[in-house]
Amino acid sequence: MKKRAYISVFKKDTVVSLAKKLIANDWEIVATGSTCKYLNDNGIKAINSSTITGFEELLGGRAKSLHPDIFASILARENEFSSLNTPPFSLLAVDFYPFE
């Protein structure tokens, strides 16, 4: 099974470098809205998380990973993989929007 990474970052200054290394090592990348667009615009093939969830981002982009098909694929133990609707994530790269 191909390893999958879930990427959702506000600060995008180093995400292309990370994504290139993952792609070079045959990882699949799933990314949220603007992160996915940024990666695609920089030549990195990434799948938009909304294609998995069937929902667009909520609350101005602050809520996008709060969906069972995303968080279950992050939290599942190996013996639970067969019960998932989507393959598990092996790597998670996130940061938060600045909260003021």
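None of these values were measured; they are calculated from a predicted model.

Draft legend 1. Geometry of the sheet that holds strand 2 (residues 28-31). Reading across from one edge, 3-2-1-4 is the order of the 4 strands in this open sheet, with parallel pairing throughout. Two strands in the sheet have a free side with no partner beyond their single neighbour: strand 3 (47-48) and strand 4 (91-94). Pairing geometry for strand 1 (residues 4-8) and strand 4, over 4 bridges, is parallel. By the bridge assignment for strand 4, Ile-7 is matched with Ala-93. Along the sheet, helix 1 (residues 15-24) contacts strand 1, strand 2 and strand 4; its crossing angle with strand 1, the most-contacted strand, is approximately 170°. Across the sheet, helix 2 (residues 33-41) lies against strand 1, strand 2 and strand 3, angled at about 135° from strand 2, the strand it touches most.

Draft legend 2. Expanded view of the pattern of salt bridges. On inspection of all chains with the given rule, the structure shows 3 salt bridges. The residue Lys-2 makes a salt bridge to Asp-26 at a minimum N-O spacing of 3.3 Å. Here the residue Lys-2 occupies a position in the segment before strand 1, and Asp-26 occupies one in the loop between helix 1 and strand 2, the gap between them amounting to 24 residues. Judged by its relative accessible area of 43%, Lys-2 falls in the partly exposed class. Salt-bridge contacts for Lys-37 lead to Asp-41; the nearest nitrogen and oxygen are separated by 2.7 Å. A residue pair is termed a helical-turn pair when its members lie 3 or 4 positions apart in one helix, as Lys-37 and Asp-41 do in helix 2 at 4 residues.

Draft legend 3. Quick look at the nonpolar core. Counting residues in hydrophobic clusters, the biggest one holds 15 residues, and the most contacted among them are Ile-7, Val-15, Leu-22, Ile-29, Ala-31, Leu-39 and Ala-46. Taken together, the elements giving at least two residues each to this core come down to strand 1, helix 1, strand 2 and helix 2. Considering each element in turn, this core owes the most residues, 4 residues, to helix 1. Apart from residues lying up to four places away in sequence, Ala-46 is in contact with Ile-29, Ala-31, Cys-36, Leu-39 and Asn-40. Residues Tyr-6, Ile-52, Ile-70 and Phe-89 belong to the second largest nonpolar core, which totals 5 residues.

Cut-offs applied
- Residues numbered from 1 in each chain as written.
- Predicted model: local features only at pLDDT ≥ 70, side-chain atom pairs only at ≥ 80, totals over all residues.
- Heavy atoms only, no water.
- Pairing = 2+ DSSP bridges.
- Helix = DSSP H or I, 4+ residues; strand = E, 2+ residues; numbered from the N terminus.
- Contact = heavy atoms within 4.5 Å.
- Axes fitted to C-alpha atoms, helices over the stretch in contact; angles between N-to-C directions.
- Salt bridge = Lys/Arg side-chain N within 4 Å of Asp/Glu carboxyl O.
- Buried < 20%, exposed > 50% of the residue type's maximum accessible area, 1.4 Å probe, protein only.
- Core = buried A, V, L, I, M, F, W, Y, C linked by side-chain atoms within 4.5 Å.

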